[in-house]
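A look at the structure
What follows is the residue order along each chain.
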Amino acid sequence: MKCRDTAAGRQALNPHARQRLTAALEDLCAHKAGLAAALLALSRRAPGDGHRETLRAHSAEQRRHATLCGQWLARLRREEQSAYGVPPPRRVRVPAFGPDAVAHSGWHEGLVACYLTGLGVLTAAALRSLRHTARTAGVLSSHGSSHRTSHGPSFGSPLGPSLDSALAAMAREDAGQLAYGLTVARDGALSGHTEGIAAACLDGIDAAARALVNPGRQAMTPMVPVALAQRARTLDDRWNAAREQAVGHLVRSGLEAYGEQARRRWDAALDRAFDEYRERWGTQHFVQRAQAAGLLTPAAR
C-alpha cells in the first residue's frame, strides 16, 4: 500500500515498524491493566490497613500507566490512518496476567504473583521491549530522548509527557513497587511461609515463560535470514534476561536455594510453550527455527 504524499505520510512509520510498535504498546497496556486489576483484588485480602492502602495506591498507579499507553496507541493509530488512508489492524490479546492469578491464593502467594511475576517479570519485559522497539523504529534516539525523525512520529503530545520521559517514570515507579513486594515476600519467608512463597514463585515462572512466548498469537516472522537471526537473538536474549530476573527475585526474597530449580522450570516451560505454538500454528516458532539453523549461539539459552 502506498503512503499518501503528505507531511503525515512522510513522517509515518513503515508498516513493519508500525506493527511492531503497536504490538509492544498493546502488550504493555495489557500487562499494566491486568496488574492493576489483580492488585485491587488482592488489596481486599491484605492483612491490615497499611498493606491495603499500599496495594490500592499501586493499583491506581498501574491503571494510570495503562491509560497513558492507551492514549499513545490511539494517537499512533490516528497518525497512521492519516498517512496510509486505513487504520492499522487491531490485534485481540487477552492479558497474560490479571485478577485470576490471585483469585484463590493466600496473601503471600498472591503478593508474589502480583509483584514478582506480574510486575517484576512480565511488565518489566514488556516495558523493555517497548523501549527497544521505539528506539529501533526511530521514535527514540539512541540516548533515549523522544524526537521526530523521518522514521517515525514524535510521541510528545498534549495528552502527556514525551514517550521516553514517561517510560522512564514508569520504570522508576515500577521499581519502587517491586521493592515493596520483595520486602514483604522476604519478611514472609522469614516468618515461616517459605514453602508457599517458593511454590508461588515457581508457578509464576511457568506462567511468565509461557506468556512471553505467547503461543496463542502467531509471531511476526522476518523472511530475510539476517533479519530473522537478529530478531531471534533479540527475543532469546530478552527471554534469558527475564529468566535471570525471575531467579534474582527468588534470591532477593531469601530463597536462593531454589535458584537452579527455577532456571530448570523456566526452560521446561519455554519448551512447552514452543510445543503449544507448533501445535496451534502448524510450524515452529521462528526462534526455534533460528536455533535449529545454527543462527543462535549455543550459549544463548
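In the block above lies the structure referred to throughout.
The sections below set out a description of the structure shown in this document. No experiment lies behind these values; they were computed from the predicted model shown. (Residues numbered from 1 in each chain as written. Predicted model: local features only at pLDDT ≥ 70, side-chain atom pairs only at ≥ 80, totals over all residues. Heavy atoms only, no water.)

1. Comments concerning helix α4 (residues 107-136)
- Taking 1.5 Å per residue, 30 residues should reach 44 Å; α4 reaches 41 Å between its end C-alpha atoms and fits that length.
- Remark: the principal bend of α4, roughly 40°, maps to Gly-118.
- After α4 finishes, the residue Gly-138 shows a positive phi value of roughly 90°. (Helix = DSSP H or I, 4+ residues; strand = E, 2+ residues; numbered from the N terminus. Expected span 1.5 Å × (residues − 1). Bend = angle between axes of the 7 residues up to and from the residue.)

2. Comments concerning the environment of Gly-196
- Residue position: Gly-196 is located in helix α5 (residues 163-213).
- For Gly-196, a relative accessible area of 23% translates into the label partly exposed.
- In this structure the C-alpha to C-alpha distance between Gly-196 and Ser-105, which are 91 residues apart in sequence, comes to 9.9 Å. (Buried < 20%, exposed > 50% of the residue type's maximum accessible area, 1.4 Å probe, protein only.)

3. Notes on the side chain of His-285
- Summarising the element assignment, His-285 is placed in the loop between α7 (259-281) and α8 (286-292).
- For His-285, the contacting residues outside a window of four places in its chain are Val-213, Ala-219, Leu-235, Trp-239, Phe-274 and Tyr-277. (Contact = heavy atoms within 4.5 Å.)

4. Some remarks on α7
- In this model, α7 (23 residues) spans 33 Å end to end at C-alpha, consistent with the 33 Å of a helix rising 1.5 Å per residue.
- Looking at α7, one finds that the buried residues are Gly-259, Ala-262, Trp-266, Ala-269, Leu-270, Ala-273, Phe-274 and Tyr-277.
- In the core, the buried residues of α7 are packed alongside α4, α5, α6 (225-252) and α8.
- Of the residues trailing α7, Gly-282 is marked for its positive phi of about 75°.

5. Here we look at the packing of aromatic side chains
- Under the defined criterion, the tally for this structure stands at three aromatic pairs.
- Considering the side-chain rings of Tyr-115 and Tyr-180, the 5.4 Å spacing of their centres and the 65° angle between planes classify their relative orientation as edge-to-face. Placement of Tyr-115 in helix α4 and of Tyr-180 in helix α5 is noted, with a sequence separation of 65 residues between them.
- Since its relative accessible area comes to 16%, Tyr-180 is described here as buried.
- Ring centres of Trp-239 and Phe-274 lie 5.9 Å apart, and the angle between their planes is 55°; this geometry places the pair in the tilted category. With Trp-239 in helix α6 and Phe-274 in helix α7, the pair connects residues that are 35 residues apart, well separated along the chain.
- The class of Phe-274 is buried, set by a relative accessible area of 1%. (Phe/Tyr/Trp six-rings, centres within 6.5 Å; stacked < 30°, edge-to-face > 60°.)

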